[in-house]
Amino acid sequence: MNVESMIAERVKEVPPSGIRKFFDIASEMEGVISLGVGEPDFITPWNVREACIYSLEKGMTCYTSNWGMPELRKAISCYLSRRFGLEYNPKNEIVVTVGASEAIDLALRAILNPEDEVLIPDPSYVAYMPCVHFTGAKAIPVECRPEDEFRLIPEKLEEKITSKTKALILPYPNNPTGAVMTREDLEAIAQVLRRTDIIVISDEIYAELTYGYKHVSIASLPDMKERTIVINGFSKAFAMTGWRVGYAAGHPALISAMVKIHQYTTLCAPIMAQVAAVEALRKGFEDGFASVEYMVRQYNMRRKVMVNGFREIGLECYEPKGAFYVFPSIKKTGMTSEEFCEKLLRDQKVAVVPGNAFGASGEGFIRCSYAYSIDNINEAIKRIGNFLKKIL
Amino acid sequence: MVNEILEILNEDSRRTPEEIAVMLGTDVETVKQKIEELERNKVIVKYNTIINWDKTDREYVTALIEVKVTPQRDQGFDAIAERIYKFPEVKSVYLMSGDYDLAVMVEGRTMKEVAFFVAEKLSVLDSVLSTATHFVLKKYKVEGVVLEDEEKDYRQVIVP
């Protein structure tokens, strides 16, 4: 049997990850300084880890409700209300998932038929396009430009809307650009959407990580809640990436449809991770999310150090207002993003991610994460500076 | 901004005003001014280094001494505390609630040296009623820093 021929067309059609290659080279190298990681460098706060350990000691090792533990859903409902002014009923409007990633997949599968079209700001997180493709629907990129600070512009959105458009993925604060959408920006997008039957999948995983600006969810705008699925999770705000706990909130019909898939595919998120998530929120309510705010302060300093550092060595970059990425342009080197990243890695042992891994509009940019210590960031900038001196 | 400066210096006192200015998005002069002010007002008392002496060949022991004292009229515990902290062997002195009054950290080269210091210098003071000496066997965490913590970055090199 030709085993390779057995792979489904839809899976074959998705190109291999653009990041994989760098990962393979970098992980073989000694002394690599990485700015390539899309996860916090903070370790999950001790109270959260301790709560999980205690639950294991007590023997909490069973399944939970398909929807997620009732106390976690209640806590999430309370959290969304307090932090973002969003009101969702924990009984039938929230589902706990295995990371926000699963929530994205569920949302797409719950609403898409083959040939439907999904609009995705470009550049964006690497998983959206493949997930759309796996459903048989079509991913349609919507270009976001540096001169617009990588925000989604209503005119650009409108150009891509057709009778087949079923959904818009709205990933702000954005990975890889660090762009955010203000209330006015979102209102302009909402005005376009209200005239249509388009569902918004709003991936707000970086909602807590904004600087000098408070995150606004499009679901909080008039008439937008019904058509929006809000996706969030614990990975970024609570430094809990490896726990894999996320959630989706939205109209009961949409969430029930998602739960239908979820119950037959994953059943529930791991109970120990859910217990930990309850503790993360409980502590947050108690101390006003002090540990989140501490992390945001630290990220903010690093962000400034990185932007300033890049400007000093002559890399043009706009100041990102969210997430933990800086997205400088390397166009003046005349290299493609991949060329630049590979040469930089081989020459200076600094790992960054080529912007085109996040979509065609990312070509000519590199994604640099500042989820690292300041010393690490300074060293990386110094090496990138040396590299630029050599090639320019 | 003052608290942010203190937070940065508390983490790493070698950060320069230039670096701090970048981190806080302000200018160097402002930072210098604020730091000078903090030093003048003794908010910043001293720039110190946390050393894991156990890793050096320096011979030393530390002891925590619980001291019960009689407070003095008009001066409470301050006068006796001062008598005690003036000794260079004494590294820190805290007034405590509970079973005893002063917690005194003493450092010496040997246990004998510390024991003699307590017997000859501390317990003979007029207001000292009693002492109890506890030697430190191992330091795990000092000033919020875990001494032998080899922090490992478990993250993959590149993650989307």
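About the thresholds
Residues numbered from 1 in each chain as written. Chains lettered and ligands numbered in written order. Predicted model: local features only at pLDDT ≥ 70, side-chain atom pairs only at ≥ 80, totals over all residues. Helix = DSSP H or I, 4+ residues; strand = E, 2+ residues; numbered from the N terminus. Rg over C-alpha atoms; globule rule 2.2 N^0.38 Å. Buried ≥ 20, exposed ≤ 12 C-beta atoms within 10 Å, placed from the backbone. Contact = placed C-beta atoms within 7 Å. Core = buried A, V, L, I, M, F, W, Y, C linked by C-beta atoms within 7 Å. Domains from an automatic or database assignment. Pairing = 2+ DSSP bridges. Right-handed = clockwise from strand over helix to strand, strands pointing away. Nonpolar A, V, L, I, M, F, W, Y, C, P; charged D, E, K, R; others polar. Axes fitted to C-alpha atoms, helices over the stretch in contact; angles between N-to-C directions. Expected span 1.5 Å × (residues − 1).

Summarise the overall build of chain A; cite the residues concerned and give the values.
Across its full length, chain A carries 13 helices and 12 strands. Against the 2.2 N^0.38 benchmark of 21 Å for 392 residues, chain A shows a C-alpha radius of gyration of 21 Å, consistent with a compact globule. Seen along its three principal axes, the alpha-carbon backbone of chain A occupies a region of about 60 × 55 × 50 Å. Looking at chain A as a whole, 50% of its 392 residues qualify as buried. Looking at chain A alone, contacts between residues at least 24 apart form 75% of all its contacts between residues at least 6 apart.

Account for the overall build of chain B, naming residues and giving values.
When you go through chain B residue by residue, the secondary structure sums to 5 helices and 6 strands. Secondary structure elements of chain B, listed N to C terminal, follow the sequence α-α-α-β-α-β-β-α-β-β-β. The C-alpha radius of gyration of chain B comes to 21 Å, more than 25% above the 15 Å expected for a compact globule of 160 residues. In chain B, buried positions account for 16% of the 160 residues. A separation threshold of at least 6 residues defines the contact pool for chain B, and within that pool the share at least 24 residues apart is 54%.

Break down the nonpolar core for me, with residues and values.
Judged by nonpolar contacts, the single largest core of 127 residues is most densely connected at A:Ala107, A:Ile201 and A:Ala248. Taken together, domain 1 (3–44 + 291–391) and domain 2 (60–287) of chain A each give at least three residues to this core, which thus spans both. Counting 16 residues, the second largest nonpolar core, distinct from the first, contains B:Val67, B:Ala81, B:Phe117 and B:Val128.

Residue-level account of the pairing of strand S4 (residues 138–143) of chain A, with values.
One face of the sheet, then the other: side chains in a regular strand alternate in exactly this way. Residue and element names in this part refer to chain A. Here strand S3 (residues 117–122) pairs with S4 via 6 bridges, running parallel. Residue pairing for S4: Pro121 is matched across the bridge by Val142. Taking the sense of rotation as the criterion, the β-α-β connection linking S3, helix H6 (residues 128–134) and S4 turns out right-handed.

How would you summarise the domain arrangement of chain A if you had to cite specific residues and measurements?
All names here are of chain A. Domains assigned within chain A are domain 1 (3–44 + 291–391) and domain 2 (60–287). Spacing between the C-alpha centres of domain 1 and domain 2 amounts to 24 Å. At the junction of the two partners, domain 1 supplies 36 residues and domain 2 supplies 37 residues. Of all the secondary-structure elements, those providing two or more residues to the side of domain 1 that touches domain 2 are helix H1 (9–13), helix H11 (290–312) and strand S9 (325–326). Per-element accounting of the side of domain 1 that touches domain 2 gives the leading share, 6 residues, to H11. In terms of residue class, the side of domain 1 that touches domain 2 is built from 20 nonpolar, 10 polar and 6 charged.

Quick one: what's the story with the sheet that holds S4(A), residue by residue and with numbers?
Residue and element names in this part refer to chain A. Spatial ordering of the open sheet is given by S2-S8-S7-S6-S5-S3-S4, a layout of 7 strands whose pairing is mixed. Bordering the open sheet on either side are strand S2 (94–97) and S4, each of which pairs with just one other strand. Averaged over all adjacent pairs, the angle separating strand axes in this sheet is 20°, with direction ignored. When S2 meets strand S8 (residues 246–249), the two strands line up antiparallel, connected through 4 bridges. From the neighbouring strand, Ile94 faces S8, where its bridge partner is Ala249.

Explain the environment of B:Glu148 to me, using residue names and the numbers behind them.
Relative to the helices and strands, B:Glu148 resides in the segment after strand S6 (145–146). On a C-alpha basis, the gap between B:Glu148 and B:Asn52 in space is 8.5 Å, while along the polypeptide they are 96 residues apart.

Could you give an account of helix H3 (residues 46–58) of chain A, naming the residues involved and the relevant values?
Compared with an ideal rise of 1.5 Å per residue, which puts 13 residues at 18 Å, H3(A) spans 18 Å between its outermost C-alpha atoms and is within 8% of the ideal. Once H3(A) ends, the next one or two residues include A:Gly59, with phi positive near 90°.

Could you give an account of helix H10 (residues 271–287) of chain A, naming the residues involved and the relevant values?
Residue and element names in this part refer to chain A. Here H10 is 17 residues long and its end C-alpha atoms lie 25 Å apart, about the 24 Å a rise of 1.5 Å per residue gives. For H10, the set of buried residues is Ala273, Gln274, Val275, Ala276, Ala277, Val278, Glu279, Ala280, Leu281 and Gly284. Buried-residue contacts for H10 involve H3, helix H4 (70–84), S2 and H11.

Give a description of the sheet that holds S9(A) that names residues and reports values.
Paired through their backbone hydrogen bonds, the strands of a sheet run either parallel or antiparallel. Residue and element names in this part refer to chain A. If you walk across this open sheet you meet the 3 strands as S9-S12-S11, and the pairing is antiparallel. Each of the sheet's edge strands pairs with one partner strand only, and the pair in question is S9 and strand S11 (353–354). Sheet analysis places S9 next to strand S12 (residues 366–369), joined by 2 bridges and oriented antiparallel. When the sheet's bridge partners are listed, Tyr325 is paired in S12 with Ser369.

Now, about the pairing of S8(A): what can you tell me, with residues and values included?
All names here are of chain A. Of the two faces of S8, both are covered, the one formed by Gly246 and Ala248 as well as the one formed by Tyr247 and Ala249. Alignment of strand S7 (residues 228–233) against S8, held across 4 bridges, turns out to be antiparallel. Paired with Val230 across the bridge in S8 is Ala249.

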